[in-house]
Amino acid sequence: MADTQIELAITGMTCASCAARIERKLNKLDGVTATVNYATEKARVTFPEDVDPRTLVEQVEAAGYQAALPVVKAAEEPEAPADEDPTRALRQRLTVSTALAVPVIALAMAPVLQFTYWQWISLTLAAPVLVWGAWPFHRAAWANLRHGAATMDTLISMGTIAAFAWSLYALLFGTAGTPGMTHPFELTVQRTDGAGSIYLEVAAGVTVFILAGRYFEARSKRRAGAALRALLELGAKDVAVLRDGREVRVPIAELAVGDRFAVRPGEKIATDGVVAEGSSAVDASMLTGESVPVEVGPGDAVVGATVNAGGRLVIRATRVGSDTQLAQMAQLVEDAQNGKAEAQRLADRISAVFVPVVIALSVGTLAFWLGAGGGVSAAFTAAVAVLIIACPCALGLATPTALLVGTGRGAQLGILIKGPEVLESTRRVDTVVLDKTGTVTSGRMSLVGVHVADGVEEDEVLRLAGALEHASEHPIAKAVAAGAAERVGDLPEVEDFQNLEGLGVQGVVDGHALIVGRERLLAEWSVRLGDDLAEAKRAAEEKGRTAVLVAWDGEARAVLVVADTVKPTSAEAIRQLRALGLTPVLLTGDNEAAARAVAAEVGIDEVIAEVLPKDKVDVVARLQSEGKVVAMVGDGVNDAAALAKADLGLAMGTGTDAAIEASDLTLVRGDLRAAVDAIRLSRRTLATIKGNLFWAFAYNVAALPLAAAGLLNPMIAGAAMAFSSVFVVSNSLRLRGFRSTATSPDRPARSAGSARDKVPAGVA
């Protein structure tokens, strides 16, 4: 029975412990596998077909939270307006609470400000902060308590209520309410009369600091997801469809596969398609990062959301809606952000057991200080500080925020990371296997050399041979014709053209009886190749290139050399891969000579040539059996199996769907330097996650003994706890500044990356 996968929108989560609780609840169902992400507030659930999706929603609600099934909108249904700022309510709560709490904190910390009855003013100001300002924490704590669970909200709610309740007791029944009472601000443990001490500044201050932390978290999550929203907003909103010879502008949702639509200069191309009429330059920079517009004409494929920079185009739609490249890119980014790396799973397990342990530690601290004669006030202060300082909010945010920012930045640079598990692989990779055709080379035949006989003009050869080849549809003929047109301009007309299958072409150009093709064709016309031309032919074939012979009026005139050209950026990319500690290997089904020539040009030492698609998988397996961790970069259908077999598969986005589907990373740009950027970005994101986890956990471990010893005022503990969350989010946002190493071919290459990118294999 096939499994189904859906994505639930979860509301009511306030910390990583909530996510862990929902995850455990869903995974208790037979056959259900769920991953809940606190940062994206979504649950990715895989379940058997016989399970009703509404059962999943009920299970989440049974845990004390809310869930919603994905809504499928009809094509004509307008998009609901998005909330302009989902953090507005939280910001209002923070603003009002801050205005009320600042006087309370100032009065508590500065005895000089403590006028007569100041404590009652503090109570008046602190009460709304505790009740209204901290209401989200109390509500979440109560919901979890009803389900027998404790979360970080439980710690916050217990700590602030305990501080406020003790203060109320001291004011009403103790000596704290007497006129003229002063309250020194101290950080040390001492024996005091608990009935004479109030902690209103703790209740108000902790609430404000944690609200501030939550607000900055929410705002940062929104900023981190901006790349995905921007990606989704790239597409056109309407399209000029051709119907009965007229242009009819309709919403993009009404466009169907096979429809022909017009795109004027400056307009976005509505969807993926093939040019039917017209020629133009298409600016794909917003989607692929390529700065130079690409020339397109009839028969060329174009991608939705790119901009028509030149003339009017008529395009036939080949993919619409969720099938387009843009939609698939957005889905890949969202999938990556919803997944979990191994490090995040560890953090979730820690968060799940941390809260009950902290509550027990807080009770133990209270009992210890009371038993040791430290005084009720000192014991109470230490216990509340333990509750507040221990909240591992930063621990729960360490991985999701870095993933959100890292994958979002990757999308902006044309690097699509399929899942967080990929990050772990990039750290260990030490060998990168590169497919030749379409990856290191352009994958298209080009005219790369012209050798002429004595007394023959090169331009004349190109003009005549280019004209004859222009009438042929053969890829080699197209390469010759394109190269000739580029060098000499307009080509003359051809008469009596004949295509001789497997041999070449013949015809009459400018009164010359012309033949272009193999040596056998010349032999049939009794044309002998001179020594110089024979040597040029032999030299070309030794390098694995194709030699095309040109003769007219009974004499051999030239040898044209055609080859799959190396991309201008490939050599730079190989240098950068080496700088990252990787060993490049060229793997191709092409002949040995051609492969060696390409490898020498780009600086690759190890070459494995003349292999079948199955052999490519075997080569990857052999390298892995030798203890190497292998990354594979390819673009063709024949690379798909090897990409899947490799520890890390990188597919060129200019390649086939099969290769992209089998890979872990997709490089939207057809530039090998994108592979360098992908590995650098993945390593940087993983390093950020590990740094976040270290500081978040080290902070809790280091601060707990101080709090238990009574050396940490609860208000300062709350501020420090909120700061740790803000620090983790801010550290993750630094990934937005990640820069590509790509440079234009005519400029010197920059360094392959900073020192932190140059991580040796097996080192974090």
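Residues numbered from 1 in each chain as written. Predicted model: local features only at pLDDT ≥ 70, side-chain atom pairs only at ≥ 80, totals over all residues. Heavy atoms only, no water.

- Within an unreviewed UniProt entry, the label attached to the protein chain reads Heavy metal translocating P-type ATPase, and the organism entered is Saccharothrix hoggarensis.
- Per UniProt, the protein chain has the following entry under Subcellular location (unreviewed entry): "Cell membrane".
- Checking UniProt for the protein chain, the heading Sequence similarities (unreviewed entry) contains the comment "Belongs to the cation transport ATPase (P-type) (TC 3.A.3) family. Type IB subfamily." (UniProt positions renumbered as here; feature names shortened; annotations may be inferred.)

1. Describing the nonpolar core
Argument step 1. Counting 51 residues, the largest nonpolar core has Leu-434, Leu-586, Val-633, Leu-650, Leu-665, Leu-667 and Leu-672 as the members making the most contacts within it.
Argument step 2. Broken down by element, the residue count for this core peaks at 10 residues, all from helix H25 (residues 673–708).
Argument step 3. Those residues within four positions of Leu-586 in sequence are excluded, and the remaining contacts are Leu-434, Asp-435, Lys-436, Val-440, Ala-595, Val-598, Ala-599, Ile-604, Glu-606, Val-607 and Ile-608.
Argument step 4. Core analysis: the next-biggest nonpolar cluster, separate from the first, contains 34 residues, Val-104, Trp-166, Ala-212 and Val-384 among them. (Core = buried A, V, L, I, M, F, W, Y, C linked by side-chain atoms within 4.5 Å. Buried < 20%, exposed > 50% of the residue type's maximum accessible area, 1.4 Å probe, protein only. Helix = DSSP H or I, 4+ residues; strand = E, 2+ residues; numbered from the N terminus. Contact = heavy atoms within 4.5 Å.)

2. Comments concerning the sheet that holds strand E18 (residues 504–509)
Argument step 1. Spatial strand order, E16-E21-E20-E19-E18-E17: six strands in an open sheet with antiparallel pairing. At either end of the open sheet lies a strand with only one pairing partner, and these are strand E16 (441–452) and strand E17 (495–500). With direction set aside, neighbouring strand axes in the sheet form an average angle of 20°.
Argument step 2. Sheet analysis places strand E19 (residues 512–517) next to strand E20 (residues 546–552), joined by four bridges and oriented antiparallel. Within the sheet, the bridge partner assigned to Gly-517 lies in E20 and is Leu-549.
Argument step 3. Along the sheet face, helix H16 (residues 458–470) touches E16, E17, E18, E19, E20 and strand E21 (555–566) and points at about 80° away from the line of E19. (Pairing = 2+ DSSP bridges. Axes fitted to C-alpha atoms, helices over the stretch in contact; angles between N-to-C directions.)

3. Details of the pattern of salt bridges
Argument step 1. This structure, assessed with the given rule, holds 21 salt bridges.
Argument step 2. As a salt-bridge pair, Asp-510 and Arg-463 come within 2.5 Å of each other at their nearest N and O atoms. Of the two residues, Asp-510 is situated in the loop between E18 and E19 and Arg-463 in helix H16; the sequence distance between them amounts to 47 residues. (Salt bridge = Lys/Arg side-chain N within 4 Å of Asp/Glu carboxyl O.)

4. Structural notes on the UniProt feature "transmembrane region" (unreviewed entry) in the protein chain
Argument step 1. According to UniProt, the feature "transmembrane region" (unreviewed entry) maps to residues 94–111, 117–135, 155–176, 196–216, 350–372, 378–405, 692–709 and 715–733 in the numbering used here.
Argument step 2. The annotated region residues 94–111 carries 89% helix and 0% strand content, and the separation between its end C-alpha atoms amounts to 26 Å.
Argument step 3. Split by type, residues 155–176 is 82% helix and 0% strand. Its first and last C-alpha atoms lie 26 Å apart.

5. A short note on the pairing of strand E1 (residues 3–11)
Argument step 1. Of the strand pairs in this sheet, E1 and strand E3 (residues 42–48) are connected by seven bridges, and their pairing is antiparallel. Paired with Glu-7 across the bridge in E3 is Arg-44.
Argument step 2. Relative to strand E4 (residues 66–68), E1 is paired through three bridges, and the arrangement is antiparallel. Looking at E4, one finds that Ile-10 is bridged to Ala-67.

6. Overview of the environment of Leu-577
Argument step 1. In this structure, Leu-577 sits in helix H20 (residues 570–579).
Argument step 2. Spatially, the C-alpha atom of Leu-577 lies 9.9 Å from that of Asp-430, the residues being 147 residues apart in sequence.
Argument step 3. If sequence neighbours within four positions are ignored, Leu-577 has contacts with Val-432, Leu-582, Val-676 and Ile-679.

7. Points about the confidence of the model for the protein chain
Argument step 1. For the protein chain, the average pLDDT comes to 78, and 78% of its residues sit at 70 or higher.
Argument step 2. Confidence scores differ between elements of the protein chain, with helix H9 (residues 285–288) showing the lowest mean pLDDT of 51 and helix H4 (residues 118–133) the highest of 94.
Argument step 3. Here residues 73–83 is a poorly scored stretch, pLDDT under 50, and it has five contacts once near neighbours within four places are set aside; other chains count.
Argument step 4. Across residues 288–292 the pLDDT falls below 50, and counting only partners more than four positions away or on other chains, this stretch makes 11 contacts in the model. (pLDDT = per-residue confidence, 0-100.)

8. A short note on the environment of Pro-265
Argument step 1. Within the secondary structure, Pro-265 sits in the loop between strand E7 (260–263) and strand E8 (272–277).
Argument step 2. Exposure remark for Pro-265: the relative accessible area of 48% places this residue in the partly exposed category.
Argument step 3. The sequence separation of Pro-265 and Ala-281 amounts to 16 residues, and the corresponding C-alpha distance is 9.3 Å.

9. A closer look at unusual backbone geometry
Argument step 1. Phi at Tyr-117 is positive, roughly 70°, even though this residue is not glycine.
Argument step 2. Counting through the fold element by element, Tyr-117 comes out in the loop between helix H3 (88–109) and H4.
Argument step 3. Note on Tyr-117: relative accessible area 44%, which makes it partly exposed.
Argument step 4. Residue Asp-510 is not a glycine yet carries a positive backbone phi of 55°.

10. So, the side chain of Arg-557
Argument step 1. Tracing the backbone shows Arg-557 in strand E21.
Argument step 2. Despite its burial, Arg-557 pairs with no opposite charge; the closest candidate is Glu-555, at 4.1 Å N-O.
Argument step 3. Within the structure, the side chain of Arg-557 is placed 3.2 Å from the backbone oxygen of Trp-552, a separation counted as a polar contact.
Argument step 4. The residues touching Arg-557, leaving out its near neighbours within four places in the chain, are His-451, Val-452, Ala-453, Val-456, Leu-533, Val-550, Ala-551 and Trp-552. (Lys, Arg positive; Asp, Glu negative; His and termini not counted. Polar contact = N/O pair within 3.5 Å; in protein donor to acceptor, adjacent residues only side chain to side chain.)

11. A short note on the sheet that holds strand E23 (residues 606–608)
Hydrogen bonds between backbone atoms are what pair the strands of a sheet, whose relative direction is either parallel or antiparallel.
Argument step 1. Pairing in this open sheet of seven strands is mixed, and the strands run E14-E26-E25-E24-E15-E22-E23 from one edge to the other. The sheet is open, and its two borders are formed by strand E14 (415–417) and E23, each paired with just one other strand. Neighbour-to-neighbour, the strand axes of the sheet open up by a mean angle of 20°, direction not taken into account.
Argument step 2. As paired strands, strand E24 (residues 630–634) and strand E25 (residues 648–652) are joined by four bridges and run parallel to one another.

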